[in-house]
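A structural walkthrough
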Amino acid sequence: MNSVEKYENIEEVLPKLPKILLNTIQSDVLEIRKVNKLCKKYLSVCDKKPDIKNAVFVVYSKYIKKSDHSFEKFVFLDEQGAEICHVSGIEMDLYGLLECTKLELTEEYKALVDNKE
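Report follows, based on the coordinates. The model shown is predicted, which means the values in this text are computed figures rather than measured ones. For every chain, the first residue of the written sequence is number 1, and numbering continues from 1 onward in sequence order. Owing to the predicted nature of the model, reporting of local features is limited to residues with pLDDT of at least 70; listing and counting of side-chain atom pairs is limited to 80 or more, with chain, interface and lining totals taken over all residues. Hydrogens and water are ignored here; the side-chain numbers use all heavy atoms of the structure.

Only DSSP runs of H or I reaching four residues or more are called helices, and only runs of E reaching two or more are called strands; each is numbered from the N terminus. Helix and strand counts for the protein chain come out as 4 helices and 5 strands. The helix and strand sequence of the protein chain, counted from the amino end, reads α-α-β-α-β-β-β-β-α. Whereas a compact globule of 117 residues would reach a radius of gyration of roughly 13 Å, the protein chain reaches 14 Å, a difference of no more than 12%. Note on classification: 1.4 Å probe, protein chains only; a residue is buried when its accessible area is under 20% of the maximum for its type, exposed when over 50%, partly exposed between these limits. Relative to its 117 residues, the protein chain shows a buried fraction of 41%. Carbon and sulfur atoms make up 53% of the accessible area of the protein chain, which amounts to about 7,100 Å² in all. The convention is simple: Lys and Arg are positive, Asp and Glu are negative, and His and the chain ends are not counted. To locate a charge, take NZ of a lysine, CZ of an arginine, CG of an aspartate or CD of a glutamate. The average position of the 18 basic charges and that of the 21 acidic charges among the side chains of the protein chain differ by 7 Å. Each radius of gyration is computed over the set of C-alpha atoms, and the globule rule expresses the reference value as 2.2 Å times the number of residues to the power 0.38. Per-residue and other accessible areas were derived by the Shrake-Rupley procedure at a 1.4 Å probe size, with only the shown protein chains allowed to occlude residues.

Here it is, written out as structure tokens:
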């Protein structure tokens, strides 16, 4: 687990983000991205799971291999970070569904990433 916080402004952008998700995102265990609401995959899941229509962000593991994707659970969040619903990797995959967020990386995290390269 990484002791360097990843995002500078995550608590301001997502004030309702549950603490456990905040901590795992900040420690780079989980990743957060914005949902592309124009994606066909997203629109087809909306028919099956109406709650997901209010989703703005999704939290997922960037460490799970594509072959194990069906075992993963995705956490969808509203614009303030409140949990809306969970969707399994069996029900949908995230490829083509993700966009960048407006979250700013901390200087410490940038330095850590630069040192790994």
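Here we take up the sheet that holds strand E3 (residues 73-77). The rule for pairing is simple: two strands pair if DSSP sees at least two bridges between them. The 5 strands lie next to each other as E4-E3-E2-E1-E5, forming an open sheet whose pairing is antiparallel. Only two strands of the sheet have a single neighbouring strand rather than two, namely strand E4 (83-88) and strand E5 (98-99). Pairing of strand E1 (residues 31-35) with E5, which is carried by 2 bridges, proceeds in the antiparallel orientation. Residue pairing in the sheet places Lys-34 in a bridge with Glu-99 of E5.

Our next topic: helix H3 (residues 40-48). Every buried residue belonging to H3 is among Tyr-42, Val-45 and Cys-46, and all of these are buried. All buried residues of H3 fall inside an arc of 110° around its axis, so they share one side. Away from the buried face of H3 by more than 90 degrees, exposed residues Lys-40, Asp-47 and Lys-48 are located. What the arc describes is the spread of directions from the helix axis to the C-beta atoms.

Let us now look at a negative patch on the surface. Like-charged residues are merged into a patch within 9 Å and nonpolar side chains (Val, Leu, Ile, Met, Phe, Trp, Tyr) within 5 Å, provided each residue has over 30% relative accessible area and no salt bridge. The working definition used for a salt bridge is a side-chain nitrogen of Lys or Arg within 4 Å of a carboxyl oxygen of Asp or Glu. Together, Glu-5, Glu-8, Glu-11, Glu-12, Glu-104 and Glu-108 give the surface a local cluster of negative charge. With respect to the element layout, Glu-104 can be found in the loop between E5 and helix H4 (107-116).

This part covers the side chain of Thr-101. Structurally, Thr-101 can be placed in the loop between E5 and H4. A residue is classified by how much of its surface remains accessible, and Thr-101, at 15% relative accessible area, is buried. Counting of polar contacts relies on pairs of N or O atoms within 3.5 Å, with two restrictions inside protein: one atom must be capable of donating a hydrogen and the other of accepting it, and residues adjacent in sequence are counted only when both atoms are side-chain atoms. At a separation of 3.3 Å, a polar atom in the side chain of Thr-101 contacts the main-chain amide nitrogen of Leu-103. Once residues lying within four places of it in the same chain are set aside, the contact partners of Thr-101 are Ile-32, Arg-33, Lys-34 and Phe-57. Pairs of residues are marked as contacts when any of their non-hydrogen atoms sit within 4.5 Å.

Going residue by residue along strand E2 (residues 57-60), you find Phe-57 and Val-59 tucked away on one face and Val-58 and Tyr-60 tucked away on the opposite face as well. Of the strand pairs in this sheet, E1 and E2 are connected by 4 bridges, and their pairing is antiparallel. Its bridge partner being in E2, Lys-34 is matched across the sheet by Phe-57. Across 3 bridges, the pairing between E2 and E3 is antiparallel. Across the sheet, residue Val-58 finds its bridge partner in E3, namely Phe-76.

Attention now goes to the pattern of salt bridges. This structure, assessed with the given rule, holds 7 salt bridges. One salt bridge connects Glu-91 with Lys-49, and the closest N-O pair in it is separated by 3.9 Å. A residue pair is termed long-range when its members are at least 10 positions apart, and Glu-91 in the loop between E4 and E5 and Lys-49 in the loop between H3 and E2 qualify at 42 residues. According to the relative accessible area criterion, Glu-91 is partly exposed, its value standing at 40%. Exposure remark for Lys-49: the relative accessible area of 23% places this residue in the partly exposed category. In this structure, a network of salt bridges that share partners links the residues Lys-6, Asp-28, Glu-31, Arg-33 and Lys-62.

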